[in-house]
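# Commentary on secondary and tertiary structure
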Amino acid sequence: MESSDVELDLQRSVQAVLRELSTQAPALQSNQGMWRWSLHKKVERDPGKSPVLVRILLRELEKAESQDLRHVIIPLLHTVMYVLTKATGITEELYQRIYAFCTRLLTLPTPYCTVALDCAIRLKTETAVPGTLYQRMVIAEQNLTNELYPYQERVFLFVDPELVSASVCSALLLEIEAAQAQQTPETCMRHVVSHALQAALGEACHAGALHRKLQASPRRTLEHYFHAVVAAVEQMASEASPSREGHVERLEEIYCSLLGPAAGRCGGDLVQERPPSIPLPSPYITFHLWTGKELVLFLRPRSQLRLSADLEVLDLQGLRPDRELARVSVLSTDSGIERDLPTGADELPAPSSPETERAGLQRKGGIKKRAWPLDFLMPGSWDGPPGLHRRTGRPSGDGEMLPGVSRLHTARVLVLGDDRMLGRLAQAYHRLRKRETQKFCLTPRLSLQLYYIPVLAPEPAASRQPELGELATFLGRVDPWYQSNVNTLCPAIHKLAEMPPSLDTSRTVDPFILDVITYYIRMGTQPIYFQIYTVKIFFSDLSQDPTEDVFLIELKVKIQDSKFPKDGFSPRRRGVAEGPGAELSLCYQKALLSHRPQEVTISLRATGLILKAIPASDTEVSGSSHCPLPAAPVTDHTCLNVNVTEVVKSSNLAGKSFSTVTNTFRTKNIQIQSQDQRLLTLSLDKDDQRTFRDVVRFEVAPCPEPCSGAQKSKAPWLNLHGQQEVEAIKAKPKPLLMPINTFSGIVQ
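These numbers come from a predicted model, not from an experiment.

What counts and what doesn't
Residues numbered from 1 in each chain as written. Predicted model: local features only at pLDDT ≥ 70, side-chain atom pairs only at ≥ 80, totals over all residues. Heavy atoms only, no water. Helix = DSSP H or I, 4+ residues; strand = E, 2+ residues; numbered from the N terminus. Buried < 20%, exposed > 50% of the residue type's maximum accessible area, 1.4 Å probe, protein only. Polar contact = N/O pair within 3.5 Å; in protein donor to acceptor, adjacent residues only side chain to side chain. Salt bridge = Lys/Arg side-chain N within 4 Å of Asp/Glu carboxyl O. Phe/Tyr/Trp six-rings, centres within 6.5 Å; stacked < 30°, edge-to-face > 60°. Expected span 1.5 Å × (residues − 1). Pairing = 2+ DSSP bridges. Axes fitted to C-alpha atoms, helices over the stretch in contact; angles between N-to-C directions. Contact = heavy atoms within 4.5 Å. Parallel < 35°, antiparallel > 145°, perpendicular 65-115°, else oblique. Nonpolar A, V, L, I, M, F, W, Y, C, P; charged D, E, K, R; others polar.

It is worth spelling out the side chain of Glu554 at this point. The topology assignment puts Glu554 in strand β13 (residues 554–563). Residue classification places Glu554 among the buried residues on the basis of a relative accessible area of 7%. Engagement of the side chain of Glu554 in a polar contact is seen with the side chain of Lys612, the distance being 2.4 Å.

Applying the stated criterion to the full structure yields 31 salt bridges. Between Lys41 and Glu44 there is a salt bridge, and its shortest N-O distance comes to 3.2 Å. Remark: Glu44 and Lys41 occur in helix α3 (residues 34–45); sequence separation between them is 3 residues, near one turn of the helix. Take Lys41: its relative accessible area is 7%, and that puts it in the buried class. The closest approach of N and O atoms between Glu141 and Arg522, which form a salt bridge, is 2.8 Å. Highlighted residues: Glu141 in helix α8 (residues 132–142) and Arg522 in helix α21 (residues 512–523), separated in sequence by 381 residues. Accessibility expressed as a relative area gives 10% for Arg522, which makes it buried. Salt bridges here are not isolated pairs; linked through shared partners, they connect Asp419, Glu470, Glu554, Lys612 and Lys686.

With the rule as written, the count across this model stands at 11 aromatic pairs. Aromatic pair Tyr82 and Tyr519: ring centres 4.9 Å apart, planes at 90 degrees, arrangement edge-to-face. Residue Tyr82 is located in helix α5 (residues 73–86), and its partner Tyr519 is located in helix α21; the two are separated by 437 residues in the primary sequence. Across the pair, Tyr519 and Tyr82 agree in class, each one buried.

Now for helix α16 (residues 419–436). End to end, α16 covers 26 Å across 18 residues, agreeing with the expected 26 Å (1.5 Å per residue, within 8%). Counting buried positions over the 18 residues of α16 gives 17, a clear majority of the element.

The next thing to look at is the sheet that holds strand β1 (residues 152–159). Ordered by their spatial adjacency, 4 strands build an open sheet running β2-β1-β8-β9, and the pairing between neighbours is parallel. Sheet topology places β2 (285–289) and β9 (446–454) at the edges, where each strand pairs with a single neighbour. Each neighbouring strand pair of the sheet contributes to a mean axis angle of 20 degrees, computed without reference to strand direction. Alignment of β1 against β2, held across 5 bridges, turns out to be parallel. Counterpart to Phe158 in the pairing with β2 is His288. Sheet strands in contact with α16 are β1, β8 (409–417) and β9, and its direction is about 165 degrees off that of β9.

This part covers the packing of α5 against α8. To characterise two packed helices, one gives the angle between the axes of the helices and the distance between these axes. For the pair α5 and α8, interaxial distance at closest approach is 7 Å and the crossing angle is 85 degrees. It follows that α5 is roughly perpendicular to α8 by the angle criterion. Residues Met81, Thr85 and Lys86 of α5 touch α8, and the partners they reach there are Leu133, Tyr134 and Met137. Residues of the contact of α5 with α8, tallied by class, amount to 4 nonpolar, 1 polar and 1 charged.

With 7 of 9 residues buried, strand β14 (residues 582–590) is to be regarded as a mostly interior element. In this structure, β14 lies alongside strand β15 (residues 599–612), joined through 8 bridges in antiparallel fashion. The residue of β15 that forms the bridge with Gln589 is Glu599.

Shown next as structure tokens:
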């Protein structure tokens, strides 16, 4: 195919992707996500098209900038970065043009500047040291052991068999296993060596001969060249001013050592062939059935992932009850002097300063309590821009959160299901955060990333899909690229489940679903934070202790037909007329933009209530454009939408009649109590398994971080002058926010 035809074909594909973002026509919804996938497949099958596609995408980006078409900027940025990660033969001039474009976007509001900054950082390294992005991604995802780049990742895919059919679970498992059967460590090492040499040497690299040589090399030889290439790339990338010329010279030496002296730039009679495609292996994914409480499961290191001793096992299914977790202090047999205490794994490393050593002599009692820095909370303390309903910000990247503790491991937890699955995920996430208050080992060493792919009921139950896909609808509304790539996977997953399994493993196939999952995991780096709410429930049976639970999306209240006995929790009020529903007392605090506390207490007769934590329309979403003062806590910008179906009594000539009207208000927290003998039924996150009956009163409030709270404690940190210990007083607990990664966060 001629170059003009190639460019025209790629241009048509790019325009199809842009039309998909600019219209909501039903005719295009069936193909959503396919255009982006087919575009990447074209350059994957023919790597020579990559420079042409990059130039087309850059041209469209500059056009979007000049015409202020912001809704296509982030999708185009993700597309060009994904192409650059795989591509070889990209000129330095093209890299610099894309880098300059990203720096111009830094003047835009979030999320555009956030995504542009992330791209600019990666582009700066890739420009000087070509092949760095590909090499680091493969090493981390495939857990290839080396000393210079120790970062490792694992993807945990969770599916609840109660919410997702067995055919869907089997189809996903078969597709994942089929794709990973061909991804051996030797194959991945060949890809890394071949890609690094081709990216650095360009046309001077005889790709066909290199491919054949690597295929014929034994494992020991392959490992030798793999470590040599990794050392050359990482050492050059770690320099303050990396030199592209020096990097090319060093990789040319490795290339000549591999193919012989005749393979240099100026010599050799090797016939130049069309370069073979170098695939980017899909990440190593482990498939798990959600059986109860677990969130993320680390097995003891075998062949896939070598974790430190502190992270060998994390199984939330074996957690103790909450009442046992409440005790966070342990008996101590020390002399009562802090200096005599041995350094334990459960204590924070003290700053290595003389002032800290001098301040170490201090009396302590016989109880050794774990004291954490009060501002060190995740993710509640992240300083992303808060909004009225949702908070977006930077993801938890690599780096050091505590002195001397590096976060070398990333756990990417991907859940499939509907709103009920997300409610169970919020439960497990709350349990995980609570466990951190007792054994502080996970948070500072592991970057936990959460992803969500909606899998709703198939077509016969289509009437229930909007009800159970509320959070997915919200994510698609605030992030169009999420809507185009992730929300459209549900029909494709059900089609895959209906297809008969193929037993021919030798046939090469393009796994569409796995490719989209991989794209989402790699490029979905911008989290949206969702407030988790806690509910305290009181029952009519006074011998039954109150219980606490959490919800993420919805709490639904129904009026039971049964009544509690006259000597129960709350006597019936005199003068209350019989009628449908129940007489309820509501005490709540209004959610005001002025942040002023205003409590309201009312009594009304209602047939039901629904407390919604997810905004129902775009007018209720003001995530990242509103940036209040940093002193304002995030809880002040989080609210519940309460929908009350109120009973209105009217009198006429025919007698008394009752009608219903729906009233809506916003609140930060609320207390509801039944005033007559009617009992209530609570349903959390639309989950039948999380239903509470015979309820007379309940209280709802934003769930605080388990390790925060209104407390006064002496933290082992020095003040600005470094001379004395400061007493930190926590006046208000920080909220517990659960992050779900998207492509851009909240787009205004």
